[in-house]
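Each chain is listed here by its residues.
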Amino acid sequence: MKISALFATMALLLSSFCLAQEPTAPKTAPAVAEAEARQQVGASALAAVAAEVTQPDESEVAATSEASAGWLDKLTSIVDKTDGWVWGPMLIGAILVTGILLSCVLCFIHLLNLKRAFRYTFLTESDGHGEVSSFGALCTALSATIGTGNIVGVATAIGTGGPGALFWMEVAAFFGMATKYAEGLLAVKYREVGPDGKVLGGPFHYIEKGLGREWKWLAVLFAIFGAAAGIMGIGTITQIQGVTSAADRFFQTCVYKGGPAPGAEIFGAHYSWAIIITGIVVTACVALVVIGGLKRIASVSTIVVPFMAVFYVVICAFLLLGNLSKITAALELIVRAAFNPRAFTGGMVGTIFIAMQKGIARGIFSNEAGLGSAPIAAAAAKTNEPVRQGLVCMTGTFIDTIVICTMTGLAIVVTGAWEPSLGLKGVDITMEAFSKGLGFLPHADVIGPLFLSAALAFFAFTTILGWDYYSEKCLEYLVGTKNQGVIRAYRLLYVLVVFIGPYLTVSVVWGIADTFNGLMAFPNLIALVLLSPTVGRLTRDYFRRLNAGEIDDK
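1. Regarding the pattern of salt bridges
Consideration 1: Within the structure shown, the criterion is met by nine salt bridges.
Consideration 2: The salt bridge partner of Glu332 is Arg336, with a shortest N-O separation of 3.3 Å. Taken together, the positions of Glu332 and Arg336, both in helix 16 (residues 327-339) and four residues apart, correspond to about one turn of that helix.
Consideration 3: We classify Glu332 as partly exposed; its relative accessible area is 44%.
Consideration 4: Of the charged contacts in the structure, one is a salt bridge between Arg544 and Asp541, with a shortest N-O distance of 2.9 Å. With Arg544 and Asp541 both in helix 26 (residues 532-547) and three residues apart, the pair spans about one turn of that helix.
Consideration 5: Judged by relative accessible area, which is 30%, Asp541 ranks as partly exposed.
Consideration 6: Each of Glu385, Asp541, Arg544 and Arg545 takes part in a single network of salt bridges with overlapping partners.

2. Brief notes about the pairing of strand 4 (residues 269-272)
Consideration 1: Sheet topology places strand 3 (residues 263-266) next to strand 4; four bridges connect them, and they run antiparallel. Along strand 4, the bridge assignment pairs Glu265 with His270.
Consideration 2: Hairpin connection, strand 3 to strand 4: the antiparallel pair is bridged by two residues, and Phe267 has positive phi, about 55°.

3. Some words on unusual backbone geometry
Consideration 1: Within the chain, Cys107 stands out as a residue other than glycine whose phi angle is a positive 55°.
Consideration 2: Within the fold, Cys107 resides in the loop between helix 5 (89-106) and helix 6 (109-112).
Consideration 3: We classify Cys107 as exposed; its relative accessible area is 60%.
Consideration 4: In this model, Phe108 sits at a positive phi of 60°, which is unusual for a non-glycine residue.

4. Side note on the packing of aromatic side chains
Consideration 1: Under the defined criterion, the tally for this structure stands at 21 aromatic pairs.
Consideration 2: For the ring pair Trp467 and Tyr470, a centre distance of 5.4 Å and an interplane angle of 85° mean the geometry is edge-to-face. In this pair, Trp467 and Tyr470 both sit in helix 22 (residues 444-479), three residues apart, roughly one turn of the helix.
Consideration 3: An aromatic cluster of at least three residues, connected via ring pairs, comprises Phe307, Phe311, Tyr312, Phe434, Phe451, Phe458 and Phe459.
Consideration 4: Lying over the aromatic face of Tyr120, Arg388 brings its terminal NZ or CZ to 4.2 Å of the ring centre.

The rules behind the values
Residues take numbers from 1 onward in each chain, read along the sequence in its written order. This being a predicted model, a pLDDT of at least 70 is required before a residue's local features are given, and a value of 80 or more before pairs of side-chain atoms are given or counted; all residues contribute to the totals for chains, interfaces and linings. Hydrogens and water are ignored here; the side-chain numbers use all heavy atoms of the structure. Salt bridge, as used here: a side-chain nitrogen of Lys or Arg that lies within 4 Å of a carboxyl oxygen of Asp or Glu. A run of H or I in DSSP counts as a helix once it spans at least four residues, and a run of E counts as a strand once it spans at least two, with each numbered from the N terminus. Relative accessibility decides the category of a residue: with a 1.4 Å probe and only protein chains considered, values under 20% of the type maximum give buried, values over 50% give exposed, and everything between is partly exposed. Pairing between strands requires that DSSP locate at least two bridges from one strand to the other. The pairing test for Phe, Tyr and Trp rings, Trp by its six-membered ring, is centres within 6.5 Å, and the orientation test on the planes gives stacked under 30 degrees, edge-to-face over 60, and tilted for anything in between. For a ring to carry a charge above it, either NZ of a lysine or CZ of an arginine must fall within 6 Å of the ring centroid while also lying within 35 degrees of the normal to the ring plane.

Structure below.
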């Protein structure tokens, strides 16, 4: 296939996405609504502290508050517009089209070897170079990708795009597996292994080494965006608020029954003891893990990630088995609604383009295919074969979206928790689905929220660990691996941001973090498209040697 034809196809598909009139909703933490409800004034927590210290007169307070609110509103408006543009149809379409392009270049050979990919996941080459096992590298990547998006993101997609959004989420994952495969392959191909055995690799290296030194500026941009996204919210504030909000939600629902929750005043606002204690405990756990570096993150991830994934899948399977008679009708509804949403929602959900946009966007938010984060972890795997690690990396998208997101989506559709007449949004949709779906159990009104709160806590905690590693490696690329003082300072700052995260209630924080997260994708996608011939060549060479018996397939 000629490159010109491929780019023509990309342009055609991008134009179809641009027909969607509604901008993509930015990725938000499930704690945003609760945080805004707790906030007593429009200023940030730090601004509230400053106001108490200076103690100006009432007229000065009124003037300052008005000016501050106006400034904050303007900043929020700018950030929201920027975030909407970054995560708009252009980026979503570009990620999808890149997956289609790579699938065509590979002739879908990666999908034909899915069984082999899972086998490679649990096998480590005896003479492979790297820091952690292939399984450890995969779990590190999954620790960042399996997060609140698997619960809240799926609910948001179905709530705004209808059941058909789940179908398009699967489509995005199908082609996203090719993207993840290429990312993992290129990460190992162009990584650097230092004299001390430490590995540095990812989009910044395959941009610089694969495309040439003249492209280093693009690699530097990716590293800046990655480091900023980790420290400014995606890996810290949004996740810790997800954990503390889950704990607070459970106690509010099942212990205090909606009544006042005991707590303390912090930064001029009231926070329940559930939020305060949970925040301290999680911060302590994060500090113990991240200060130990990659090997400790990988060792914790190899235990926590499989446990939480299996735990969640088992409960979802239990729910679906309890509603087995409704699954066939739910699957039919998902497929038919993917192409005619209005027929099943009474016109309350948008057109097919909205269903496509919401489903594909939330799928990308969940598995991060194309963002360039996962190959940073893949580069550390103990392997000498880029294709082998590419296959392992690909299984992450399968596990994250095609397994976990699908089960969440089915639970929501089967129970009808998505229906617009209920007026539910975000995590409340999933909460309703599990409360209703597990209704055949005693005390389902407690079991459902308890299970979901525990799942959100685990998912968010591991995302904090994964994103610390990603942002650290981006920083190492910028300052050099020998400058460990900067890296250690960054780790301490990361832990500090996690600690104060539950009390930062300005919504603009999420917009800024989400914008940097999306900006990571642009340099990465350019590299993937330009290096697609290399991906195809290495893949064909590997399977040629494999079929000739030149590779030990164990």
